[in-house]
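Residue-level listing of the chains:
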Amino acid sequence: MPTDPPRGQHAVDDLLAVLSLEQIEENIYRGYHPRGGLSRTFGGQTAAQALVAAARTVDPGRPVHSLHSYFLRPGDPTLPTVFLVERIRDGRSFSTRRVHGIQHGEAIYSFAASFQRPEPGYEHQSPPPDVPDPETLPTFAEALAPYADRLPVSASLAETVDLRAIDLHPFVQRDVGPREVARHRVWMRAAGRLPDDPVLHSAMLAYLSDVTLLHPVLVRHGISFALDPVMGASLDHALWFHRPFRAVEWLLYDAESPSASGARGLAMARLFSSGGRLVASVAQEGVVRPVTPQARLTPRQNPLRG
């Protein structure tokens, strides 16, 4: 018997449409944005689109193993972004691509990715932490229902991701104050079905990896994007893919912040499958800047970033 689609399928389908880039010319693609929601483009979406653009120029037998990116200017979600792909190198084992995202004739985003044909080698990994099962935890909407009117998250972003927080969410962190350990752990997965295309699963992971990564910085200081006069934005983002995974299955996002200084916060995270396999590692530095009440951004201007 056919089953009903997951609750977030329409939002995931919208994201898949956004990832279906239009090819303008050889190595040139155009990407659009979801309707409504944020006043600037979500960094995870831009990274996902750039990855799709780069992967279209690489042998399908070479999956991505790392990407590194800089967010240079706020993106305008009312305009498409043009992605220019540079084919830097195709070697016997590795392919390297550079991508620039352009709006208004200026670069808003710079991205480099490396792809590798599968080959055997040494194997080891860090052990996963001992955490509750995701199905025993409240959904994102359930956990944050008392703060729904102040959440700096667009509806499309929240609906695309099935997120279950293990540690107290930074949106309610004010209730307990600063923590000694700057750590934040969540289970996450795409909130709907995805095609079997590995590129789309990698792109979805790039999208997911930018959703809560700056939260350990907030946890350490007991602050909140929703409740305190603070703004946040991703500056750079690095993602390493270690092992095969499916973005529709639960992934444990174990993030820590080793440092914050100069109005910037650094966060590093590991992504484990529900079976305990380390599938990816992430690092990001972002602006985490206290602002005066007069200059505080509204929820629509200050989307959930990092």
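Residues numbered from 1 in each chain as written. Predicted model: local features only at pLDDT ≥ 70, side-chain atom pairs only at ≥ 80, totals over all residues. Heavy atoms only, no water.

This part is about the overall build of the chain. In terms of helices and strands, the chain carries six helices and 12 strands. Each of the 306 residues in the chain was classed as buried or not, and the buried ones make up 53%. The contacts in the chain between residues at least 6 apart in sequence include a share of 76% that link residues at least 24 apart. A total of about 14,400 Å² of accessible surface is found on the chain, and carbon and sulfur atoms cover 53% of it. (Helix = DSSP H or I, 4+ residues; strand = E, 2+ residues; numbered from the N terminus. Buried < 20%, exposed > 50% of the residue type's maximum accessible area, 1.4 Å probe, protein only. Contact = heavy atoms within 4.5 Å. Areas by Shrake-Rupley, 256 points an atom, 1.4 Å probe, with all protein chains shown as cover.)

Among the structural elements, Ser273 can be located in strand 11 (residues 264-273). Leaving out residues up to four positions away in the same chain, Ser273 has contacts with Trp250, Leu251 and Val279.

Our focus in this paragraph is the environment of Phe140. Counting through the fold element by element, Phe140 comes out in helix 3 (residues 140-144). Residue class for Phe140 comes out buried when judged on its relative accessible area of 15%. C-alpha separation for the pair Phe140 and Arg164, spaced 24 residues apart in sequence, amounts to 5.9 Å.

Among the nonpolar cores identified, the biggest contains 60 residues, and Phe111 and Met204 are the most heavily contacted of them. Of the residues forming this core, the biggest block, eight residues, is contributed by helix 2 (residues 43-55). By size, the runner-up hydrophobic cluster in this structure holds eight residues, among which are Val131, Ile166, Leu252 and Phe272. (Core = buried A, V, L, I, M, F, W, Y, C linked by side-chain atoms within 4.5 Å.)

So, on to the sheet that holds strand 4 (residues 81-90). The antiparallel open sheet is built from 12 strands, whose spatial order is 1-2-4-5-6-3-9-12-11-10-8-7. Because the sheet does not close on itself, it has two edges, and the strands there are strand 1 (22-25) and strand 7 (161-165). Along the sheet, successive strands turn relative to each other by an average axial angle of 25 degrees, direction set aside. Together, strand 2 (28-31), strand 3 (64-71), strand 4, strand 5 (94-103), strand 6 (106-116) and strand 9 (230-241) form the strand contacts of helix 2, whose direction differs from that of strand 6 by roughly 55 degrees. (Pairing = 2+ DSSP bridges. Axes fitted to C-alpha atoms, helices over the stretch in contact; angles between N-to-C directions.)

Looking now at the packing of aromatic side chains. In this structure the tally under the stated criterion is four aromatic pairs. On the basis of an interplanar angle of 35 degrees and a centroid distance of 6.1 Å, the ring pair of Tyr109 and Phe111 is categorised as tilted. With centroids separated by 6.2 Å and ring planes inclined at 10 degrees, the aromatic side chains of Phe241 and Phe245 adopt a geometry described as stacked. Accessibility classification places Phe241 together with Phe245 in one group, the buried group. (Phe/Tyr/Trp six-rings, centres within 6.5 Å; stacked < 30°, edge-to-face > 60°.)

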